[in-house]
Amino acid sequence: MADEPVVRTGPVLAVFAHPDDMEICAGGVLAKWAAGGREVHLLVLTNGDRGSSDPSLSRAALARTRLAETEAAASYLGLRSARVLSTHDGELQNTTAMREAVVRRVREVRAETVVSCDPTAVFFENRYYNHSDHRMAGWVALDSVFPGSGNPHFFSEHLGEGLGVQEVIDVWLGWTHEPNRIEPFDEASFRKKVDGLGLHVSQITEGIAYWDEALGKDAREAGAKVDAAFAEEFRVLNLS
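Residues numbered from 1 in each chain as written. Predicted model: local features only at pLDDT ≥ 70, side-chain atom pairs only at ≥ 80, totals over all residues. Heavy atoms only, no water.

**Here's the deal with the packing of aromatic side chains**
Definition in use: In summary, the pairing rule links any two rings of Phe, Tyr or Trp, Trp by its six-membered ring, whose centres are within 6.5 Å, and it sorts them by plane angle into stacked for under 30 degrees, edge-to-face for over 60 and tilted for everything else. Strands are runs of DSSP state E lasting at least two residues, helices are runs of H or I lasting at least four, and both sets are numbered from the N terminus onward. Throughout this description, buried means an accessible area under 20% of the type-specific maximum (1.4 Å probe, protein chains only), exposed means over 50%, and partly exposed covers the range between. Two limits define a charge over a ring: the Lys NZ or Arg CZ must be within 6 Å of the ring centre, and within 35 degrees of the ring normal.
Under the criterion given, the structure shown has six aromatic pairs. Pairing Trp172 with Phe234 gives two aromatic rings, centres 5.3 Å apart and planes at 70°, and the pair type is edge-to-face. With a gap of 62 residues between them, Trp172 in strand β7 (residues 170-174) and Phe234 in strand β9 (residues 230-238) connect regions that are remote in the sequence. Like Phe234, Trp172 is buried. Connected via pairs of aromatic rings, a cluster forms that spans Trp33, Trp172 and Phe234. Stacked on the ring of Tyr76, the Lys or Arg Lys192 has its end atom at 4.2 Å from the ring centre. Directly above the aromatic system of Phe190 lies the positively charged group of Arg220, at a separation of 5.8 Å from the ring centroid.

What follows is the structure, given as C-alpha cells:
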C-alpha cells in the first residue's frame, strides 16, 4: 500500500447516490469513526424513488419511506446528521446546482474528510457494471471538493450567508479497483454496518442474512490483508 495512514479527527461528509449506498460501501469505517468521536454527516443525492420492482408502488411514498429508513440507519450508526436531496433515482447529473448543494454541505459541516465512491470503477468482473448514479455521485463529490468548497469564487453567495470556504484534507473513495488504503474495524462496527443496512427494510427483500454473509466475506478478506478482523478498501486522496 502507498502512504502511511494519517489519523484525522475533523468532521466527515459522506456523499452517496442512494439511501443505502453508505452502509454497503463504507458503513464499517464510518461507524468506527463515529464511535471514536468523529462528527460524521451523510448527504444522499437522490431520493431513491425507483428502488422497487413493484409497478403499483407510489414513487412518492417510496421516497418518504426511504427518507425515514436513511434517518433511522444514520442514527443507528452514530452519524451526526443525514440529508436526502429530492433528485429522482436514476437521474443524477453533475450539474452546477448539484455541486452547489454538496459544496454548501461541506461548508456547513466544516468537513475535513469527504467519503464517496470511485467514479472510475465501472466494470466488476463479468457480473456487474456500476450504476450511473454511483459513478455520478463520485464525480459530483470530487468536483465539489476541487475546485469548489475551498475557493471563495465558487458559490460565493454562501459567503454572504455566513458560510466560510472549507478546504477538504482528504477524500476516501470506496467501491474502487485501485485501493491504496485498507481501513480496519472491529466486530462492533461490522455489526453496525450490517444492522444499519437492515433498517432499509424496503430494500432488503432477500433478507439481511444474504447481506450479512456477502458483506462479511468482503470485510474479512480485506481485513486479512492488514491482519484485522474486518476492513474496507478505499482509494484515498491526500489533498494537503
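**Points about unusual backbone geometry**
Cis geometry is found at the peptide bond from Phe146 to Pro147, where omega equals -10°. Looking at the element boundaries, Pro147 is found in helix α4 (residues 132-149). A positive phi angle is found at Trp175, which is not glycine, with a value near 50°. Note on Trp175: relative accessible area 21%, which makes it partly exposed.

**Details of helix α7 (residues 208-224)**
Spelled out, the test is: Here the expected length of a helix is defined as 1.5 Å per residue gap, with one fewer gap than residues. The arc in question is the one spanned by the directions pointing from the helix axis to the C-beta atoms. The contact rule is simple, with two residues in contact once any of their heavy atoms fall within 4.5 Å.
With 17 residues, α7 should cover 24 Å at 1.5 Å per step; its first-to-last C-alpha distance of 24 Å lies within 8% of that length. Among all positions of α7, only Trp211, Leu215, Gly216, Ala219, Ala222 and Gly223 are buried. Seen from one end, α7 has its buried residues packed into an arc of 135°, which puts them on one side. The outward face of α7, more than 90 degrees from its buried face, is lined by the exposed residues Ala209, Glu213 and Ala224. Looking at the packing, one finds that the buried side of α7 touches α1 (21-35), β8 (181-185), α6 (187-198) and β9.

**Notes on α6**
Our working rule: Identification of polar contacts relies on pairs of N or O atoms within 3.5 Å, with a donor-acceptor requirement for protein atoms, meaning one able to donate a hydrogen and the other able to accept it, and with residues adjacent in sequence counted only if both atoms are side-chain atoms.
The end-to-end C-alpha separation of α6 is 16 Å, in line with the 16 Å expected for 12 residues at 1.5 Å each. Taken residue by residue, α6 has Ser189, Phe190, Lys193, Val194, Gly196 and Leu197 as its buried positions. Within α6, the buried residues cover an arc of 165° as seen down the axis, which keeps them to one side. In α6, the exposed positions angled more than 90 degrees off the buried face are occupied by Glu187 and Ala188. Its buried side turned inward, α6 meets α1, α2 (59-77), β8, α7 and β9. The opening residue of α6, the one whose side-chain oxygen lies 3.3 Å from the backbone nitrogen of Ala188, is Asp186.

**Side note on the sheet that holds β9**
Heads up, the rule is: Any two strands with at least two DSSP-identified bridges between them are counted as paired. Axis lines are fitted to C-alpha atoms, over the contacting stretch for helices. Their N-to-C directions set the angle, which ranges from 0 to 180 degrees.
Read from one edge to the other, the open sheet built from seven strands follows the order β3-β2-β1-β4-β7-β9-β8, with strand pairing classed as mixed. Strand pairing shows two members of the sheet lacking a second neighbour, β3 (81-84) and β8, which therefore form its edges. Between one strand axis and the next, the sheet turns by 25° as a mean value, whatever way the strands run. As defined by bridge partners, strand β4 (residues 113-117) adjoins β7 across five bridges and the pair is classed as parallel. When the sheet's bridge partners are listed, Cys117 is paired in β7 with Gly174.

**A look at the pattern of salt bridges**
Threshold: Whenever a carboxyl oxygen of Asp or Glu lies within 4 Å of a side-chain nitrogen of Lys or Arg, that contact is scored as a salt bridge.
Applying the stated criterion to the full structure yields 18 salt bridges. Here Glu125 ties to Arg127 by a salt bridge, and the two come within 3.0 Å at their closest N and O atoms. Here Glu125 and Arg127 have matching classes, each one exposed. One network of salt bridges, in which partners are shared, links Arg83, Arg105 and Glu108.

**Remarks on the packing of α1 against α6**
The condition that has to hold: Any angle that falls under 35 degrees is termed roughly parallel, while one over 145 is termed roughly antiparallel, one within 65 to 115 roughly perpendicular, and all others oblique. Each crossing gets its handedness from the near helix: less than a right angle anticlockwise from the far helix is left-handed, clockwise is right-handed. Residue polarity follows a fixed list, in which Ala, Val, Leu, Ile, Met, Phe, Trp, Tyr, Cys and Pro are nonpolar, Asp, Glu, Lys and Arg are charged, and the others, Gly among them, are polar.
Contact geometry for α1 and α6: axes closest at 8 Å, N-to-C directions at 135°. Of the possible angle classes, the one that applies to α1 and α6 is oblique. α1 and α6 meet at a crossing whose hand is right-handed. Contact residues: Glu23, Ile24, Cys25, Ala26, Gly27, Gly28, Ala31 and Lys32 in α1; Ser189, Lys192, Lys193, Gly196 and Leu197 in α6. Partitioned by chemical class, the residues of the contact of α1 with α6 number five nonpolar, four polar and four charged.

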